[in-house]
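# Results of the structural survey
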Amino acid sequence: MNATVVSRWLPGLGDHLQPFSRHNLIAGLTVTAYLVPQVMAYAIIAGLSPVTGLWGALLALPVYALLGTSRWLSFGPESSVAVMASALIVPLVAAGQATPATAAAALALAVGVAGLLAGLLRLSFIADLLSRPILVGYMAGIAVLMIDSQIERVLGASTPDSDTVFEHAWLLLNASPQWAAILTAGSVLLALVLASRTRWRSFAPLISLVVGVIVAAVLNAMGKTVELLGDIPAGLPAPMIPQMPVGVLPEIALAAVGVLIVAYADSTLTGRSFHRLEDPPLKPATELRALSMANIASGLFQGMPVSTSGSRSAVARASGATSQGYSIAAALFLAVVLLVAGPVLEVVPQAALGALVVYAAILLIDVNDFRRLWRFRRSEFWVAVTTTTGVLVFGVLYGVLIAVALSVLLLLVEVARPHFAALGFVPGLAGMHDIGDFDNAAEEPGLLIFRYDSPLFFANADHFLTKAREMIGERMPGLNWFALQCEAIIEVDSTGVDALEALADELRNAGVRFVLVRAKSELIDELRAAGTLGLVGEEYAFPTLPTLVEAYRSARA
């Protein structure tokens, strides 16, 4: 196997992993301390045994280290993926169609297979459809669902089953909280806040968990009841192919697509935010393959769906990690925890893990992002709010579909009603500019240069004709040439071709010459194949604005 093949399929090996270097060992230990309570809590969100989260991280960490292209990303169970998994697992378990562990492993395996298929079909661009406002709104909705999933553990209360977050909130008003659970959860939250402000902030989850264990032990000794995790199986996971009824496979496939879209979008955005100029380039297709294989590994070893954790990635970099070797070191430390720490984890109170989830959820709601969207563009603010509402009202899986649909709709709106302008000369400035941007701009007499800043296709062909006709009408009579500035028209479909030909006919009947300027060779080829270029004339496709103006002046002379 030559070096090129190795670097393509195992890019981590070319990055000198060095898992046993001092920096990576320290970072790996720190990440493990941060990870253990966090992924246990995320497993509980999904309705799983806490150890399932540990098993998922155990395989995801080294798989991404070998297959991924980022030096910093930390893989394993993550909050939004856990909430999405619960939307599938809980109904299947309630209907008696699967055990929680089997459903989680099957979903992880399906996410991995869906990712590999998406890679083969070159669909890695799909994650780019989730715009920033939609992700802000989506994460806020996920945060509310996370809090809703754990609030009973924090309060020590119990309510009847409910269909929506709003119904559950109403039922909680009539529930009977247990003060021992509230005190335990409160102590954990307080410890988290205080520890996060010290030099030991990377160990804040572990410190807070220890505080919760101590408080629960004292309360239980006083005769109060604080529910503990109980039996945690010791040892490493064994390989297993999850067996599911054939009838639920379409439901699992739909859930897997939703998880894949969100996990890949989150991984891509997190990877970009941590990337440095001196780091190896991030490769979207390779990242999709790494995410897919991490989920397959997790599914085959009784884990749960996994993704990128931004908080753990930040901990790794802050702890001095130099490569993905820290993930391999973290996996080794985690294996030690699984082998020997079972009895210790059994005494962790349920309320403590619930408090960890609530704290993580609160951090996901970025009020500053909402405020910035409100100041920048109100339409994007309302898109974020609509996405949050969709997640809460229709559920997390359909919330993802709503988010994707909103992204596509926004894209269509942007290209269907793009910016357009007439170009002219500005004294003291070289070149030609939008005459609407300068009070002293002047057009070349008898020449209208119309710039349309979008590909020309079915959604904006009518808009293009309307705006072009308006500008032409404002300059008639006296207009001799109409020049379409094609720099932004990088693509044209059959509807766009019809619009160009209709405009060319109207201009010819009005005695106005229709010309093209700055059309890329690909567009010229398309127009030639459609016969449109024959209506314009090959000699009237000008490469630059100066050559256009020179030809116009020569023709007028």
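Since we're looking at a predicted model, the values are computed, not measured. (Residues numbered from 1 in each chain as written. Predicted model: local features only at pLDDT ≥ 70, side-chain atom pairs only at ≥ 80, totals over all residues. Heavy atoms only, no water.)

### Looking at the overall build of the chain
If you tally the helices and strands in the chain, you get 23 helices and eight strands. In terms of its C-alpha atoms, the chain occupies a principal-axis envelope of roughly 100 × 60 × 55 Å. Looking at the 557 residues of the chain, the share that counts as buried comes to 51%. In the chain, the proportion of contacts linking residues at least 24 apart, taken out of those at least 6 apart, comes to 79%. Within the structure as shown, the chain displays about 25,200 Å² of accessible surface, and the carbon and sulfur contribution to it stands at 64%. Side chains of the chain give 33 positive and 42 negative charges; the mean places of these two sets differ by 8 Å. (Helix = DSSP H or I, 4+ residues; strand = E, 2+ residues; numbered from the N terminus. Buried < 20%, exposed > 50% of the residue type's maximum accessible area, 1.4 Å probe, protein only. Contact = heavy atoms within 4.5 Å. Areas by Shrake-Rupley, 256 points an atom, 1.4 Å probe, with all protein chains shown as cover. Lys, Arg positive; Asp, Glu negative; His and termini not counted. Charge placed at Lys NZ, Arg CZ, Asp CG, Glu CD.)

### Thoughts on the packing of aromatic side chains
Here a ring pair, both rings aromatic, is described through the centre-centre distance and the interplanar angle of the planes. Per the stated rule, a full pass over the model turns up 17 aromatic pairs. Ring centres of Trp374 and Phe381 lie 4.9 Å apart, and the angle between their planes is 80 degrees; on these two criteria the pair is classed as edge-to-face. In this structure Trp374 comes out as partly exposed when scored by relative accessible area, which is 35%. Since its relative accessible area comes to 14%, Phe381 is described here as buried. Ring centres of Trp481 and Phe542 lie 6.1 Å apart, and the angle between their planes is 25 degrees; on these two criteria the pair is classed as stacked. (Phe/Tyr/Trp six-rings, centres within 6.5 Å; stacked < 30°, edge-to-face > 60°.)

### Description of the nonpolar core
Formed by 106 residues in total, the largest nonpolar core has its most connected members in Leu54, Leu107, Met146 and Leu353. A per-element tally of this core places helix H2 (residues 22-45) first, with twelve residues. Apart from the residues within four sequence positions on either side, Leu353 is in contact with Pro37, Met40, Ala41, Ile44, Leu209, Leu229 and Val348. (Core = buried A, V, L, I, M, F, W, Y, C linked by side-chain atoms within 4.5 Å.)

### Focus: unusual backbone geometry
For the peptide bond that leads from Met476 to Pro477, omega is -10 degrees, which places it in the cis range. Even without glycine at this site, Gln302 takes up a positive phi of about 60 degrees. Look at Arg518: it is not a glycine, yet its phi comes out positive at around 60 degrees. When you line up the elements, Arg518 lands in the loop between strand E7 (513-517) and helix H21 (521-530).

### Here's the deal with a nonpolar patch on the surface
A grouping of Phe166, Leu254, Val393, Phe394, Tyr398 and Leu401 is seen on the molecular surface, where their side chains present a nonpolar patch of about 620 Å² in accessible area. When residues of the nonpolar patch are traced back to their parent elements, those giving at least two are helix H17 (378-394) and helix H18 (396-416). (Patch = residues over 30% accessible without salt bridge, like charges linked within 9 Å, V, L, I, M, F, W, Y side chains within 5 Å. Salt bridge = Lys/Arg side-chain N within 4 Å of Asp/Glu carboxyl O.)

### Brief notes about the side chain of Gln150
Mapped onto the secondary structure, Gln150 falls in helix H6 (residues 132-155). For Gln150, a relative accessible area of 0% gives the class buried. If near-sequence neighbours (up to four positions away) are discounted, Gln150 is found in contact with Ile44, Ile45, Gly354, Val357 and Val358.

### Description of empty space enclosed by the protein
Inspection of every chain in the model, using the stated rule, returns one cavity of 30 Å³ or more. Of the voids in this model, the largest cavity is the one considered here, and its volume is about 30 Å³. Lining the largest cavity, in full, are Leu456, Leu484, Cys486, Ile489, Leu500, Leu516, Leu523 and Leu527. (1 Å grid on protein atoms, 1.4 Å probe; cavity = no way out; pocket = protein on both sides within 12 Å on 5 of 7 lines; lining within 4 Å. Points joined across faces, edges and corners; volume = space filled by probe spheres on them.)

### Description of the sheet that holds strand E5 (residues 447-452)
Taken in spatial order, the six strands make up an open sheet running E4-E3-E5-E6-E7-E8, and their pairing is mixed. Taken across any chain shown, the strands that pair with only one partner, and hence form the sheet edges, are strand E4 (433-434) and strand E8 (541-542). Where strand E3 (residues 420-424) and E4 come together, two bridges link them in antiparallel fashion. Across the sheet, Gly424 pairs through a bridge with His433, a residue of E4. Relative to E5, helix H19 (residues 461-474) is tilted by about 155 degrees, and along the sheet it contacts E3, E5 and strand E6 (481-485). (Pairing = 2+ DSSP bridges. Axes fitted to C-alpha atoms, helices over the stretch in contact; angles between N-to-C directions.)

### What to know about the pattern of salt bridges
Across all of its chains, the model carries twelve salt bridges by this definition. In this structure, Asp453 engages Arg451 in a salt bridge whose closest nitrogen and oxygen atoms are separated by 3.1 Å. Across the salt bridge formed by Glu470 and Lys467, the nearest N and O atoms sit 3.7 Å from each other. Taken together, the residues span about one helical turn, with Glu470 and Lys467 both in helix H19 at a distance of three residues. On the accessibility criterion, Glu470 (39% relative accessible area) is partly exposed. Among the ionic contacts, a cluster of salt bridges with common partners joins Glu443, Glu474 and Arg475.

### Details of the environment of Trp374
Position of Trp374 relative to the elements: it lies in helix H16 (residues 367-376). Expressed as a C-alpha distance, the spacing of Trp374 and Leu332, which sit 42 residues apart in the sequence, is 46 Å. If sequence neighbours within four positions are ignored, Trp374 has contacts with Phe381 and Trp382.

### Quick word on H6
End to end, H6 covers 34 Å across 24 residues, agreeing with the expected 34 Å (1.5 Å per residue, within 8%). A maximum bend of about 35 degrees is found in H6 at Ser149. Trailing H6 by a residue or two, Gly156 shows a phi angle of about 65 degrees, which is positive. (Expected span 1.5 Å × (residues − 1). Bend = angle between axes of the 7 residues up to and from the residue.)

As far as function goes, none of this settles anything; it's purely spatial.
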